[in-house]
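Observations on the model geometry
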Amino acid sequence: MDGVLIEAKDWHYEALNRALALFGYEISRFEHLSAYDGLPTKVKLEKLSLEKGLPRYLHSFINEMKQQYTIEMIYNKCRPRFDHEYALSRLRVEGYRMAVGSNSIRKTVELMMEKARLTNYFDFMLSNQDVVRSKPDPDIYLTAMKRLGVSPDEVLILEDNENGIKAALASGGHLLKINEVSDVNYANIKSRINEIERASE
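Throughout what follows, the structure given in this document is the object of discussion. Given the structure is predicted, the values throughout are model-derived calculations rather than measurements.

1. Examining the side chain of asparagine 63
- Structurally, asparagine 63 is set in helix α4 (residues 59–77).
- On the basis of relative accessibility, which here comes to 15%, the residue asparagine 63 falls in the buried class.
- Once residues lying within four places of it in the same chain are set aside, the contact partners of asparagine 63 are Thr41, Lys42 and Leu45.

2. With respect to the packing of α4 against helix α6 (residues 106–115)
- Across the interface, α4 lies against α6 with an axial gap of 10 Å and an inter-helix angle of 5 degrees. Taken together, α4 and α6 sit at an angle that is classed as roughly parallel. For the pair formed by α4 and α6, the contact residues are Gln67, Thr70, Ile71, Ile74 and Tyr75 on the first element and Lys107, Thr108, Leu111, Met112 and Lys115 on the second.

3. A look at helix α5 (residues 82–93)
- With 12 residues, α5 should reach 16 Å at 1.5 Å per residue; the first-to-last C-alpha distance of 16 Å fits that figure.
- Considered for burial, the residues of α5 that qualify are His84, Glu85, Ala87, Leu88 and Leu91. Axial view of α5: buried residues confined to an arc of 165 degrees, hence all on one face. Projecting away from the buried face of α5 at angles above 90 degrees are the exposed residues Phe82 and Val93.
- Turning to α5, the residues buried within the fold contact α9 (186–199).
- Positive phi shows up at glycine 95, right after α5, with a value of about 95 degrees.

4. Overview of the packing of aromatic side chains
- Overall, the coordinates contain three aromatic pairs when judged by the stated rule.
- Here phenylalanine 82 and tyrosine 86 contribute two aromatic rings whose centre-to-centre distance is 6.0 Å and whose plane-to-plane angle is 20 degrees, an arrangement assigned as stacked. Residue phenylalanine 82 and its partner tyrosine 86 are located together in helix α5, separated by four residues, close to a single helical turn.
- Since its relative accessible area comes to 34%, tyrosine 86 is described here as partly exposed.
- Here tyrosine 86 and tyrosine 186 contribute two aromatic rings whose centre-to-centre distance is 6.0 Å and whose plane-to-plane angle is 70 degrees, an arrangement assigned as edge-to-face. Of this pair, tyrosine 86 sits in helix α5 while tyrosine 186 sits in helix α9; the two residues are 100 residues apart in sequence, bridging distant segments of the chain.
- An aromatic cluster is defined as three or more aromatic residues linked by ring pairs; in this entry it consists of Phe82, Tyr86 and Tyr186.
- Positioned above the aromatic ring of tyrosine 69, the side-chain terminus of arginine 18 is 3.7 Å from the ring centre.
- A cation sits over an aromatic face here: lysine 47 above tyrosine 36, 5.2 Å from the ring centre.

Calculation notes
Residues numbered from 1 in each chain as written. Predicted model: local features only at pLDDT ≥ 70, side-chain atom pairs only at ≥ 80, totals over all residues. Heavy atoms only, no water. Helix = DSSP H or I, 4+ residues; strand = E, 2+ residues; numbered from the N terminus. Buried < 20%, exposed > 50% of the residue type's maximum accessible area, 1.4 Å probe, protein only. Contact = heavy atoms within 4.5 Å. Axes fitted to C-alpha atoms, helices over the stretch in contact; angles between N-to-C directions. Parallel < 35°, antiparallel > 145°, perpendicular 65-115°, else oblique. Expected span 1.5 Å × (residues − 1). Arc of directions from axis to C-beta. Phe/Tyr/Trp six-rings, centres within 6.5 Å; stacked < 30°, edge-to-face > 60°. Lys NZ or Arg CZ within 6 Å of the ring centre and 35° of its normal.

In structure tokens form, the structure reads like this:
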């Protein structure tokens, strides 16, 4: 979802840094991109405790503040995108089944999809609260495949960051690497599907 359907990677980064700043901590842009991007907040906080000495008793409060700041940003910045609505509606009409698998918490996933007007295109949405192990573990994708009743070779996963890509590849599904949310369009998705189908003939 983040960085694929919603231009929200910076929102999570800014919201967490805003919460960390209350106690004099921060994650640099380089650290974010190289080590923290795509991880759940709880995992990021654990890394900060190990690497920068963030007291663990602050985790719960910082996590709560980060979620509040994220929700503010969603209300202020999350808008529908025609190219995404068009792509998902075409794919739905063509009979493709779709799901969201995000390392965000359920409340964030549901709110972002609602604000982007994308909820109705998906069979279901999975958050980090629906699995035991979050990305880079493939658990979320394997869970989605099981619920959809499909095998990995029938699945195309759109991912943008290192942890998500590791999860996608470990699940055995096919991958479409996303660099910008504008890459998520009907032409790109269909082109990758056609490429997969040709390779399997």
